[in-house]
Structures are given as structure tokens and as C-alpha cells.
Amino acid sequence: QVQLVESGGGLVQPGGSLRLSCAASGFSFTLFGMSWYRQTPGKERELVAYISGGTGINTNYADSVKGRFTISRDNAKNTVYLQMSSLKLEDTAVYYCKVRQGVYAYWGQGTQVTVSS
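Predicted model only: the values in this text are computed from it and were never measured.

The rules behind each value
Residues numbered from 1 in each chain as written. Predicted model: local features only at pLDDT ≥ 70, side-chain atom pairs only at ≥ 80, totals over all residues. Heavy atoms only, no water. Helix = DSSP H or I, 4+ residues; strand = E, 2+ residues; numbered from the N terminus. Buried < 20%, exposed > 50% of the residue type's maximum accessible area, 1.4 Å probe, protein only. Contact = heavy atoms within 4.5 Å. Polar contact = N/O pair within 3.5 Å; in protein donor to acceptor, adjacent residues only side chain to side chain. Disulfide = S-S within 2.5 Å. Lys, Arg positive; Asp, Glu negative; His and termini not counted. Salt bridge = Lys/Arg side-chain N within 4 Å of Asp/Glu carboxyl O.

Caption draft 1: Representation of the environment of Gln1. Position of Gln1 relative to the elements: it lies in the segment before strand E1 (3-7). Relative accessible area serves as the criterion here: at 74%, Gln1 is assigned to the exposed category. Spatially, the C-alpha atoms of Gln1 and Phe27 are 7.4 Å apart, while their sequence positions differ by 26 residues. Once residues within four sequence positions are removed from consideration, Gln1 is found in contact with Ser25 and Gly26.

This is the structure we're talking about:
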């Protein structure tokens, strides 16, 4: 079955960096685009970044993170990453990775990122 396991979250000061990882299993990872979302209490989950399948040549970012976050993938490790730099207070959220397969969407359990001084 499809499994997505996020890691790498934590507490970081404003201006700091974190790298999130999402380890995937149970499907042909190379074939599928992967996404990172985030959610704060009382708000809808929002798309942060997307990377296409295969070599990951196509990426998209939310305007709020462009130039600060970078999504990448390592097909040999079945893992997608989100490198976050110049973190701001408003980046505080639970971060989730997602894969869509046809009409189905699979989510990880999330990892908490807290940006605080």
C-alpha cells in the first residue's frame, strides 16, 4: 500500500533553514509527481511546492515561498525533499507530502515546523 512518511520538522529561528524529507513506498515513485502542502489551525491545507515525476524537471511553488524553498527528488531513495531557507514566522505549519494517483490522493502524517524566536 502507498505510504508517505515525512520527517525533518522542528523548531527554528526566523531566517533559519530546515530540510524536510518524505520517504515513499508502495508505488512506482519515479512515475508520479509529488507535492508538499502545509496547514495551520483553522485554515485549509495549501499547496507549497510540486515536482513532476521522472527527472523532476518541472517544479511549481506558492508565491509565498518562491525563492526561499526548493523541492527536489531522489528517485534512487524514493524520497522527495523540501529545502526551506530564510524561514519566516508565517511558515509555521504542519507540512504534508502528497501523491495523486488518478482519483486517489495519498497523504503522509505530517511534520511540524515551528518558526519562532
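Caption draft 2: Focus on the environment of Arg73. Following the sequence through the fold, Arg73 ends up in strand E7 (residues 69-74). Given a relative accessible area of 13%, Arg73 falls into the buried group. Contacts of Arg73, omitting those with residues within four sequence positions, involve Phe29, Thr30, Phe32, Gly33, Met34, Ile51, Ser52, Gly53, Gly54, Gly56, Thr79 and Val80. At a separation of 2.8 Å, a polar atom in the side chain of Arg73 contacts the main-chain carbonyl oxygen of Phe32. A polar side-chain atom of Arg73 sits 2.8 Å from a polar atom in the side chain of Asn75.

Caption draft 3: Local environment of the state of the cysteines. This structure, assessed with the given rule, holds one disulfide. There is a disulfide in this structure between Cys22 and Cys97, and the S-S distance comes to 1.9 Å. The disulfide joining Cys22 to Cys97 has a torsion of about 50 degrees about its S-S bond and is therefore right-handed. Linking Cys22 in strand E3 (residues 18-25) with Cys97 in strand E9 (residues 93-101), this pair joins segments that are 75 residues apart in sequence.

Caption draft 4: Region of the structure containing unusual backbone geometry. Of note, Asn78 is a non-glycine position whose phi angle comes to about 50 degrees, a positive value. Assignment of secondary structure puts Asn78 in the loop between E7 and strand E8 (79-84). In this structure, Ser86 is a non-glycine residue whose phi angle is positive, near 50 degrees. Along the chain, Ser86 falls in the loop between E8 and E9.

Caption draft 5: Geometry of the side chain of Lys98. Here Lys98 lies in strand E9. For the buried Lys98, no salt bridge exists, and the shortest N-O distance to an oppositely charged side chain is 12 Å, to Glu6. Setting aside residues up to four positions removed in sequence, Lys98 forms contacts with Leu4, Gly33, Met34, Ser35, Tyr37, Ala105, Tyr106 and Trp107.

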